[in-house]
Amino acid sequence: MTGDRDRLEEPRTDGGTAGADEVALDPWGSSTVSDYRKLFEEFGIESFEALLDEVPHPHYLMRRGVIFGHREYRDVVEAMQDDDPFAVLSGFMPTGDPHIGHKLVFDEIIWHQERGGDAYALIADLEAHSARGLSWDEIDEHAENYLLSLLALGFDPEAGTLYRQSTNRAVQDLAFELGSEANYSELQAIYGFDGETDVSHMQSVVTQMADICYPQLETPKPTVIPVGPDQDPHVRLARDLASRMRFFGVTTAYASFEATAAELEVVRAAYHARETYAEEPTTPRCIEAAEWLAETGVEGLAALEGGTEDTAGPEQRTLESAISRLENAGMEPLRPRTRFLNRRATAEAFEGLIEAVEGEKRVFDEHVDAFDLDRVAAEDLAREVELEYGGYGFRLPSSIYHRFMTGLTGGKMSSSIPASHISLLDDPAVGYDKVKSATTGGRETAEKQRELGGKADECPVYELYAYLLAGDDDEFAKLVYDECVGGERLCGDCKEQAAQLMREFLADHQEKREEVAELLEAADIDLESDRRG
Ligand code: TRP
Ligand code: SF4
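Because the structure is a prediction, the values reported are computed rather than measured. (Residues numbered from 1 in each chain as written. Chains lettered and ligands numbered in written order. Predicted model: local features only at pLDDT ≥ 70, side-chain atom pairs only at ≥ 80, totals over all residues. Heavy atoms only, no water.)

## So, the domain arrangement of the chain
Per the domain assignment, the segments of the chain are domain 1 (44–245 + 394–533) and domain 2 (249–388). The C-alpha-based centres of domain 1 and domain 2 are spaced at 43 Å. Note on domain 1 versus domain 2: buried area summed over both sides is about 530 Å², and carbon and sulfur give 36% of it. Glu-181 is the salt-bridge partner of Arg-344, the closest N and O atoms lying 2.7 Å from each other. At the junction of domain 1 with domain 2, the criterion picks out three residue pairs in polar contact (both at pLDDT 80 or more). The class makeup of the residues in the side of domain 1 that touches domain 2 is three nonpolar, two polar and three charged. (Domains from an automatic or database assignment. Buried area = accessible area lost by both parts, 1.4 Å probe. Salt bridge = Lys/Arg side-chain N within 4 Å of Asp/Glu carboxyl O. Polar contact = N/O pair within 3.5 Å; in protein donor to acceptor, adjacent residues only side chain to side chain. Nonpolar A, V, L, I, M, F, W, Y, C, P; charged D, E, K, R; others polar.)

So, in structure tokens, the structure goes:
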């Protein structure tokens, strides 16, 4: 199903700090990422740390760097700050028991719900059936277990929404519409699909795209999708499709002609330098700008922007094409304006937009230029008109990414290796034993440990503290860390403490699962499927 190119790297023994291998993300492959920094460089995931200070009362998973990356999460942060509507949604493939790795996502959904977000959790039963071949009976059993744990951890099913993909008609309808903007070649490039891939598997992809946009179906709003980085290909495609569904694109322009984004940069530079060349600086002419650009050249522009001649300016090709556009425009004045491009609007919707633009405007075949509207107002107007004329007006969905937990036996945590993870359904005594037999970052002997300190950064037991056992108590997490690396903490005692905490956590969680059983019965979600196949 997937090509080698799309497969994730095997875990490396160096902890993923060295080397320059390629990273690829595969939603149906092994969930290991050996070098998180690469995700920033190669895929454009942004660092969460840089945004942390702006998040009101960040969750401990954010504070401890477990949530390490995001796409446009600022949109959601701003909504939280301003008390504006926002949503959170994530989905679970019911392929086995929910384990402590899934708990991270449950906690992320619940945290956003507690902060006033519309919260959605879905059971990806179509995906489990088509991509993993699970029977409907197996799916039902696992689905219920996921939902009980989600509720036991604090999800409020009355305020939030639970659904399964197979019975949500609105999601299926939306999937169908989004599918009109994606084609086979694209799925092939993203997921490595080939001629052998089931059509149902492809349908499960557009279904996930619809899941991601679903919270915005009634009203567009900032929406965050908390997931592991293996799901990033889905997030990117969903962002692309959400944008392709939009009726209008909004950009800035300086004259009536259309320009590429790179050309626009060049034209902008020429506009800003107008004082230096225009006969009449209030009305710089396109032709004057063209002459100035030709004289200034690539190096000159680079020096302008960066202040030194070493900065890369525009490419020669871009400069030349921008110049020729300006030459063609001749005596037309250069004047900044906000441009609405007609991308997908009906004739009526385009007419409607033209009417709705206030102040000075110029109408062209496929775009309208507005001279008295700023970008933000223009974006709002474009969305308003789109909604009025039967479009969706989606905002680009945001995402946050958490690190995968290391398996208790080293390597990756995997649902198919029981000793590598702790299931939320494990008997508390079994959970205790699994922690006691876990791999550690300790030294060979107690003496060496006292002398050199333990390697908490490479220790699955420390991860248990940081990701789960220390809960909200940063001081406790830090104490474990400091004592470990300072050589004051020895692995035997450390594991004993962790094992006891794990036992307590599981006992408590399982008691809560029983308490919420009725709540789940009452919730608006089918626990049994009547599907065949
Ligand atoms: N593909 C996800 C997984 O493998 C499940 C999923 C389906 C999902 N729809 C989603 C995740 C929407 C986030 C958002 O676990
Ligand atoms: Fe891990 Fe604890 Fe040993 Fe440190 S002392 S290496 S945290 S088990």
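## Topic: the pattern of salt bridges
Within this structure, the stated rule accounts for 30 salt bridges. Where Arg-239 meets Glu-72, a salt bridge forms, and the shortest distance between an N and an O atom there is 2.7 Å. With Arg-239 in helix α11 (residues 232–244) and Glu-72 in the loop between β2 (67–71) and α4 (74–82), this residue pair connects regions lying 167 residues apart in the sequence. When the shortest N-O distance is used, the salt bridge between Lys-478 and Asp-482 registers 2.7 Å. Taken as a pair, Lys-478 and Asp-482 lie in helix α21 (residues 474–485) at a separation of four residues, close to a single helical turn. (Helix = DSSP H or I, 4+ residues; strand = E, 2+ residues; numbered from the N terminus.)

## Structural notes on the site of ligand 1
Around ligand 1, the structure places 14 residues, and the nearest of them are Met-93, Glu-127, Gln-208, Asp-211 and Gln-231. Here a nitrogen atom of ligand 1 and a side-chain polar atom of Glu-127 are 2.8 Å apart. Contacts to ligand 1 include Asp-211, whose side-chain N or O atom sits 2.8 Å from a nitrogen atom. Burial of ligand 1 by the protein chains amounts to 92% of its free accessible area of 370 Å². Counting only elements with at least two residues in the shell around ligand 1, the list comes to β3 (87–92), α10 (199–213) and β6 (223–227). (Near = heavy atom within 4 Å. Areas by Shrake-Rupley, 256 points an atom, 1.4 Å probe, with all protein chains shown as cover.)

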